[in-house]
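A closer look at the structure
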Amino acid sequence: MDAMVNTVKGWMENPVKFARSHGVTVSATPDGSDPQSDIHFLIVEGFLLYNYKPLLEVYNKCYYVTIPYEECKRRRSTRTYTVPDPAGLFDGHVWPMYLKHRKEMSETNLDFQYLDGMKSKEEIYNHVYEDIQNTVVNVL
């Protein structure tokens, strides 16, 4: 997690330099302007990211996908793992830890947009994309 914090902060200092140093080609924009002056986005995604205090200060937007217990259990049961889940793992560990971490997350005072995980991936993507577009338009 410390390495991720350092990576995120390195990107924040200079997104173009960071991209180039990691082998990502950054070219001039279509209008020929310097990419350094463009708006840059970094999406940080993962389990428990809203519970790690050193990252809390870097978020501009926070999205959290929720699904009900029954759907979560159903989806988990359809996954294929090299080593299968032992009987009772979901009810005895997975769901209780989800509830614990979600409670901790809600105590961070971050402004979350909760997204309905029962919607299609496309609907969720479109909602987030539109929200980010609106934010950029309102900042410019």
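A few points on the structure. (Residues numbered from 1 in each chain as written. Predicted model: local features only at pLDDT ≥ 70, side-chain atom pairs only at ≥ 80, totals over all residues. Heavy atoms only, no water.)

On to the overall build of the protein. Of the regular secondary structure elements, the protein holds six helices and two strands. Walking the protein from its N terminus toward its C terminus, one meets helices and strands in the order α-α-α-β-α-α-β-α. Here the C-alpha atoms of the protein give a radius of gyration of 19 Å, more than 25% beyond the 14 Å that 2.2 N^0.38 yields for 140 residues. By principal-axis analysis of the C-alpha atoms, the protein measures approximately 60 × 30 × 30 Å. Out of the 140 residues belonging to the protein, those deemed buried represent 24%. Sequence separation of 24 or more characterises 62% of the internal contacts of the protein that already satisfy a separation of 6 or more. As presented, the protein carries roughly 10,400 Å² of accessible surface, and 55% of it is formed by carbon and sulfur atoms. For the protein, the separation between the mean place of its 15 positive charges and that of its 19 negative charges on side chains is 6 Å. (Helix = DSSP H or I, 4+ residues; strand = E, 2+ residues; numbered from the N terminus. Rg over C-alpha atoms; globule rule 2.2 N^0.38 Å. Buried < 20%, exposed > 50% of the residue type's maximum accessible area, 1.4 Å probe, protein only. Contact = heavy atoms within 4.5 Å. Areas by Shrake-Rupley, 256 points an atom, 1.4 Å probe, with all protein chains shown as cover. Lys, Arg positive; Asp, Glu negative; His and termini not counted. Charge placed at Lys NZ, Arg CZ, Asp CG, Glu CD.)

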